[in-house]
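Residue strings, one per chain:
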Amino acid sequence: MSTWAANPTWQNFSSLFREAVTAQEAKTGMEKSHHLTASLYFGVAALEAFLNDKMRAHLKATKSEEEIFDVLRKGRIISKLRKWPTELLGKQLNLNDGTLDLIAVFNDVRGDLTHPKTHGQDIYARLDRKSKRLNS
């Protein structure tokens, strides 16, 4: 029996990294899109897992497991990024608005891919435009 314990933050971050590297090595556009999409999913998951882990530890002394679960489940990632660091650190996190906007775009794209309302090509075009603005 394995003694390895799951760490969702590390597992998702490691998968993000692996997918990003694999995307750079991809030979076809389809293959690259697949690995970039996986990177997007794992990146958002890693960030949210990290926030949830830190908030769980913070609330453990004062809340029941049911109350903690309720806090973690109901929060949306952008709201968590805006509010939770102040509660966890006792001071505001100096997070650039552009960074938060970029995370919001990534999360929106992830949501559009998970719950498609369009044919999908516009989602990748939006992501590509944002990427080009960042690289210029």
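Counting restarts for each chain: residues are numbered from 1 in the order of the written sequence. Owing to the predicted nature of the model, reporting of local features is limited to residues with pLDDT of at least 70; listing and counting of side-chain atom pairs is limited to 80 or more, with chain, interface and lining totals taken over all residues. With hydrogens and water stripped out, all remaining heavy atoms of the structure feed into the side-chain values.

A closer look at the pattern of salt bridges
Using the following cut-off: When a carboxyl oxygen of Asp or Glu is within 4 Å of a side-chain nitrogen of Lys or Arg, the pair counts as a salt bridge. Secondary structure counts use DSSP, requiring at least four H or I residues in a row for a helix and at least two E residues in a row for a strand, with both numbered from the N terminus.
Under the criterion given, the structure shown has four salt bridges. Close ionic contact of Glu48 with Lys80 constitutes a salt bridge, the shortest N to O distance being 2.8 Å. Within this pair, whereas Glu48 is found in helix H2 (residues 29-59), its partner Lys80 is found in helix H4 (residues 77-89), the two being separated by 32 residues in sequence. Beyond isolated ion pairs, a larger network of salt bridges with shared partners links Asp70, Arg73 and Lys74.

Notes on the side chain of Asn52
The criterion, for reference: Only protein chains enter the calculation, and the probe is 1.4 Å; a residue is then buried if its accessible area is under 20% of its type maximum, exposed if over 50%, and partly exposed in between. Polar contacts, as counted here, are pairs of nitrogen or oxygen atoms within 3.5 Å of one another; within protein the pair requires one atom able to donate a hydrogen and one able to accept it, and residues that are adjacent in sequence qualify only if both atoms are side-chain atoms. Should any heavy atoms of two residues lie within 4.5 Å, those residues are counted as being in contact.
Along the polypeptide, Asn52 turns up in helix H2. Among the residues examined, Asn52 registers a relative accessible area of 18% and is labelled buried. Of the polar contacts made by the side chain of Asn52, one reaches the side chain of Lys80; its length is 2.6 Å. Setting aside anything within four residues of it in sequence, one finds Asn52 in contact with Leu72, Lys80 and Trp84.

Considerations on the side chain of Asn12
Assignment of secondary structure puts Asn12 in helix H1 (residues 8-25). Take Asn12: its relative accessible area is 16%, and that puts it in the buried class. Those residues in contact with Asn12, other than ones at most four positions away along the chain, are Phe42, Ala45, Ala46 and Ala49.

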